[in-house]
Amino acid sequence: MHRWNTLDELANLLEYRAQRSATVTLTCETAYIISLKLRTADAKPRRDEVTRAICRRKEPCDTPCFDCTGRANAVVRMYGQHYDRLDLKLPPKKARR
């Protein structure tokens, strides 16, 4: 039995424990789900990749134009924020008593 019912609940649980420097033990099933989600997050397109793909010019620009960059930003936001743009700093570890 899980302590979570949705991926959002799982993410909240993991984030809560990480903020408190608490140990997290995962079941095999939960670890598998997390591994799939990490691979999916890594597969999301980056803005520069989308910009090149949607450019309507025959010859790609050296510097992407404002229009293509704006449309690429919208596409990337629809996919959600890419993990390499997140602030992944964990809180400092608490001293053990």
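Please refer to the structure higher up on the page.
Q: Can you lay out the packing of helix α3 (residues 47-54) against helix α4 (residues 66-79) for me, pointing to particular residues and giving the numbers?
A: The interhelical angle for the contact between α3 and α4, taken along N-to-C directions, is 125 degrees, at an axis separation of 8 Å. The angle between the axes of α3 and α4 places the two elements in the oblique class. Like other packed secondary-structure pairs, α3 and α4 cross with a definite hand, here right-handed. In contact with R47, V50, T51 and I54 of α3, α4 contributes C68, T69, R71, A72, N73, V75 and V76. Of the residues that constitute the contact of α3 with α4, the class distribution is 6 nonpolar, 3 polar and 2 charged.

Q: Break down the environment of T25 for me, citing the residues and quoting the values.
A: Along the chain, T25 falls in the loop between α1 (7-19) and α2 (28-42). On the accessibility criterion, T25 (73% relative accessible area) is exposed.

Q: Explain α1 to me, and be specific about the residues and the numbers.
A: Helix length check: α1 (13 residues) gives 18 Å between terminal C-alpha atoms against 18 Å at 1.5 Å per residue, within 8%. S21, located one to two residues past α1, shows a positive phi value of around 55 degrees.

Q: Please give an account of the side chain of T51 that cites residues and values.
A: On the secondary structure map, T51 appears in helix α3. Of the polar contacts made by the side chain of T51, one reaches the backbone oxygen of R47; its length is 2.8 Å. With residues near it in sequence (within four places) discarded, T51 still touches P64, C68, T69 and A72.

Q: Lay out the side chain of T69 in plain terms, naming residues and giving numbers.
A: Residue position: T69 is located in helix α4. Among the residues examined, T69 registers a relative accessible area of 18% and is labelled buried. Of note is the side chain of T69, whose polar atom sits 2.9 Å from the backbone oxygen of C65. Look past the residues within four positions of T69 in its chain and what remains in contact with it is R47, T51 and P64.

What counts and what doesn't
Residues numbered from 1 in each chain as written. Predicted model: local features only at pLDDT ≥ 70, side-chain atom pairs only at ≥ 80, totals over all residues. Heavy atoms only, no water. Axes fitted to C-alpha atoms, helices over the stretch in contact; angles between N-to-C directions. Helix = DSSP H or I, 4+ residues; strand = E, 2+ residues; numbered from the N terminus. Parallel < 35°, antiparallel > 145°, perpendicular 65-115°, else oblique. Left-handed = near helix turned anticlockwise from the far one by under 90°. Contact = heavy atoms within 4.5 Å. Nonpolar A, V, L, I, M, F, W, Y, C, P; charged D, E, K, R; others polar. Buried < 20%, exposed > 50% of the residue type's maximum accessible area, 1.4 Å probe, protein only. Expected span 1.5 Å × (residues − 1). Polar contact = N/O pair within 3.5 Å; in protein donor to acceptor, adjacent residues only side chain to side chain.

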